[in-house]
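Residues per chain are reported as follows:
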Amino acid sequence: MFWRRLCMPAGYLGTLRGCAVFHLPPTPTPPRARKSNISYKNPSLMPKEPHIREMKIYIDKKYETVIMPVFGIATPFHIATIKNISMSVEGDYTYLRINFYCPGSALGRNEGNIFPNPEATFVKEITYRASNMKTPGEQTVPALNLQNAFRIIKEVQKRYKTREAEEKEKEGIVKQDSLIINLNRSNPKLKDLYIRPNIAQKRMQGSLEAHVNGFRFTSVRGDKVDILYNNIKHALFQPCDGEMIIVLHFHLKNAIMFGKKRHTDVQFYTEVGEITTDLGKHQHMHDRDDLYAEQMEREMRHKLKTAFKNFIEKVEALTKEELEFEVPFRDLGFNGAPYRSTCLLQPTSSALVNCTEWPPFVVTLDEVELIHFERVQFHLKNFDMVIVYKDYSKKVTMINAIPVASLDPIKEWLNSCDLKYTEGVQSLNWTKIMKTIVDDPEGFFEQGGWSFLEPEGEGSDAEVGESESEIEDETFNPSEDEYEEEEEDSDEDYSSEAEESDYSKESMGSEEESGKDWDELEEEARKADRESRYEEEEEQSRSLSRKRKGPAHTSSRRSSHSRSPGRSSGPPKKKRK
């Protein structure tokens, strides 16, 4: 029991060397407890190494345990109890700090903060110090042990976390049936294909072959991936029309493991043309090499399309049409961003898919309950689409940045699929909405369900208007006496209105008699025009007369001035003899 308690997560029983060892009473184990990793089931399994006797840190790689001296006693700690380690050099000393998991420390998003025995005493951290100076008679410096311990602990911790991640990936995996190999050489087969996601870091070519109950992809390195027919939810064939790759995509019911990860989407593709173009290369429209390359690419597209179609026909015949391949309708496609980048989303007979970009996007229409359009406004160029599933515990799917021009075609497609859709101006907090529905689904539908998504005037408001009109019809039922009184009042009102109209006509007639006729008014206007014209002509004549008088006056002055006695402009005339 002593060694088991020491090996609990960051568990340290108490102080040793002359101090009493204490142990708190155990508490009932909660249902979701952190995994308890035990280093040694009994003390005899502990290694007898000289480092342990010399009170140095020793790492047991076999049992993934770090043996550290605590108060002069070698104490084992499993690698799972160590949160992180750090090493620093300060002056003549090297410090190694080891932090452990304990109640109150973050264990990760999904691991929780639950321990098998949270009331026990835990060690939070341990710091060791060693000198960087070599002592006389020793071959190495004492700090070398801390440096080696730091490096080895990092390696063991990395290996342990990798194995734990693989085990976690395998937890939800449904065990598949074994593939039945057909030894006949005439099996449908496609060669020179790439697989996505990659089996290794680099992509590798391989061949896809159909057998009795499934497909087998074999890479050039020898890696094998089996996909059974009964595990395929959607089998999609994306032709190379308008695309740079031709794809066979399988959307699976249950995830499969390969490449140390679980996958629900597997596709096999081959490149049709050059995905990347060298812009630095001189290209001419009538270059023979370019024309020849384009012709070869067209022939390659036709050849690949024929080979894939023959493979699909043979597989459907082999499975007796239990497995059918769907081809997306490119004419009904629309652009959107289900992930980070914009891609072309295309409907099929039973799904909405995008196979050319990675990660792929596949939504089964039978699982969809409602589609809601957000940010539908006249002044915005884009809107968002929210897909709500029948399984309310499943997270909704968002498709962002869809052009407004695609709104009507999408509505027509949804009407043809008998899917309900709504639209609104604002963006909603769907996490909160779905949590409310999951907490009380009956209360949600009693309060109207999805009617809050409908625009004003179509849902509850229209019903309220109809009910108000019905209430008015029911309450307004006048009796005969009231009806006769209303008729008398209306007759009196009509007579008074007639008298008022006669009086107004008389007053209008008197005003017309006292006024002037149109002929008289026109004659007055003509006279006013004549007078204004006469005044304008008089002003013009006066201005002209003023202009004429001015130069004559100056010339007369000049002549009189020249004729004055004693002043002659020219020489004196000679007298005749």
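Computed from a predicted structure; not experimentally measured.

Reading the values: the criteria
- Residues numbered from 1 in each chain as written.
- Predicted model: local features only at pLDDT ≥ 70, side-chain atom pairs only at ≥ 80, totals over all residues.
- Heavy atoms only, no water.
- pLDDT = per-residue confidence, 0-100.
- Contact = heavy atoms within 4.5 Å.
- Pairing = 2+ DSSP bridges.
- Helix = DSSP H or I, 4+ residues; strand = E, 2+ residues; numbered from the N terminus.
- Axes fitted to C-alpha atoms, helices over the stretch in contact; angles between N-to-C directions.
- Core = buried A, V, L, I, M, F, W, Y, C linked by side-chain atoms within 4.5 Å.
- Buried < 20%, exposed > 50% of the residue type's maximum accessible area, 1.4 Å probe, protein only.
- Phe/Tyr/Trp six-rings, centres within 6.5 Å; stacked < 30°, edge-to-face > 60°.
- Polar contact = N/O pair within 3.5 Å; in protein donor to acceptor, adjacent residues only side chain to side chain.
- Salt bridge = Lys/Arg side-chain N within 4 Å of Asp/Glu carboxyl O.

Trainee: Sorry, what's going on with the confidence of the model for the chain here?
Mentor: Residues of the chain with pLDDT of at least 70 account for 73%, and the chain-wide mean is 78. With pLDDT under 50 throughout, residues 457-480 is counted as low confidence; its partners more than four residues away or in other chains account for three contacts.

Trainee: Could you clarify how one ought to interpret the sheet that holds strand S5 (residues 93-100) in this entry?
Mentor: With antiparallel pairing, three strands are arranged side by side in an open sheet as S4-S5-S6. Only two strands of the sheet have a single partner each, and these edge strands are strand S4 (82-90) and strand S6 (125-131). Ignoring strand direction, the axes of neighbouring strands in this sheet form an average angle of 15 degrees. Bridge analysis of S4 against S5 gives eight bridges, and the strand direction is antiparallel. Opposite Glu 90, over in S5, you have Tyr 93 as the bridge partner. Set on the sheet, helix H3 (residues 143-171) makes contact with S4, S5 and S6; between it and S4 the angle comes to about 150 degrees.

Trainee: Explain the nonpolar core here, please?
Mentor: As a rule of thumb, soluble globular proteins bury nonpolar side chains together. Of all hydrophobic cores here, the largest spans 31 residues; its most connected members are Phe 215, Ile 227, Leu 248, Phe 250, Phe 268 and Phe 325. Of all the secondary structure elements, the ones that give two or more residues to this core are strand S7 (189-196), strand S8 (205-210), strand S9 (214-219), strand S10 (224-228), strand S11 (232-238), strand S12 (245-258), strand S13 (261-271) and helix H4 (288-318). A per-element tally of this core places S12 first, with six residues. Those residues in contact with Phe 268, other than ones at most four positions away along the chain, are Leu 193, Tyr 194, Ile 195, Leu 208, Phe 217, Ile 227, Ile 246, Val 247, Leu 248 and Phe 250.

Trainee: Sorry if this is basic, but what is going on with the sheet that holds S12 here?
Mentor: One key point about sheets: their strands pair by backbone hydrogen bonds, in either a parallel or an antiparallel sense. Within the open sheet, the eight strands sit side by side as S10-S9-S8-S7-S13-S12-S11-S14. Their pairing is mixed. If you trace the sheet from one side to the other, it starts and ends with S10 and strand S14 (325-326), each paired once. Bridge analysis of S11 against S12 gives six bridges, and the strand direction is antiparallel. Bridge pairing in S12 links Leu 236 to His 249.

Trainee: It is not clear to me how the pairing of strand S16 (residues 343-347) should be interpreted in this structure. Could you clarify?
Mentor: Both faces of the sheet carry side chains from a regular strand, because those side chains alternate between them. The buried fraction of S16 amounts to four of the five residues, a majority that puts the element mostly inside the structure. As paired elements, strand S15 (residues 334-336) and S16 share three bridges and run antiparallel to each other. Across the sheet, the residue bridging to Phe 334 is Leu 345, located in S16. Where S15 folds back on S16, the antiparallel hairpin that results is connected by six residues. Summarising the sheet, S16 and strand S17 (residues 351-354) pair through two bridges and their orientation is antiparallel.

Trainee: Please explain the packing of aromatic side chains as it appears in this structure.
Mentor: Centre distance and the angle of the planes are the two values used to describe a pair of aromatic rings. Per the counting criterion, the structure on display carries 19 aromatic pairs. Measuring from centroid to centroid gives 6.3 Å for Tyr 392 and Trp 450, while their planes differ by 65 degrees, and the two rings are edge-to-face. Highlighted residues: Tyr 392 in the loop between strand S20 (382-389) and strand S21 (397-403) and Trp 450 in the loop between helix H7 (441-446) and helix H8 (460-475), separated in sequence by 58 residues. Using a relative accessible area of 15% as the deciding quantity, one classes Tyr 392 as buried. Assessed through its relative accessible area of 7%, Trp 450 is described here as buried. A centroid spacing of 5.2 Å and a plane angle of 75 degrees characterise the contact between Phe 444 and Trp 450, whose relative ring orientation is edge-to-face.

Trainee: I tried to follow the side chain of Asn 99 on my own but got confused; where do I start?
Mentor: Inspection of the secondary structure assignment puts Asn 99 in strand S5. At a separation of 2.7 Å, a polar atom in the side chain of Asn 99 contacts the side chain of Asn 84. Separated by 3.4 Å, the side chains of Asn 99 and Arg 97 make a polar contact. Every residue in contact with Asn 99, bar those within four places of it in the chain, is listed here: Ile 82, Lys 83, Asn 84, Lys 124 and Glu 125.

Trainee: Help me out: how do you make sense of the pattern of salt bridges in this one?
Mentor: Opposite charge on two side chains makes pairing possible when the charged atoms of those side chains draw close. With the rule as written, the count across this model stands at 18 salt bridges. The partner of Glu 243 in a salt bridge is Arg 330, with the nearest N and O atoms 3.0 Å apart. Placement of Glu 243 in the loop between S11 and S12 and of Arg 330 in the loop between S14 and S15 is noted, with a sequence separation of 87 residues between them. Judged by relative accessible area, Glu 243 falls into the buried class, the value being 12%. The partly exposed category is assigned to Arg 330, whose relative accessible area is 37%. One salt bridge connects Glu 523 with Arg 526, and the closest N-O pair in it is separated by 3.6 Å. With Glu 523 and Arg 526 both in helix H10 (residues 518-562), this residue pair falls three residues apart, about one helical turn. You can call Glu 523 partly exposed: its relative accessible area is 32%. Within the structure, one salt-bridge network assembled from shared partners comprises Lys 233, Glu 367 and Lys 394.

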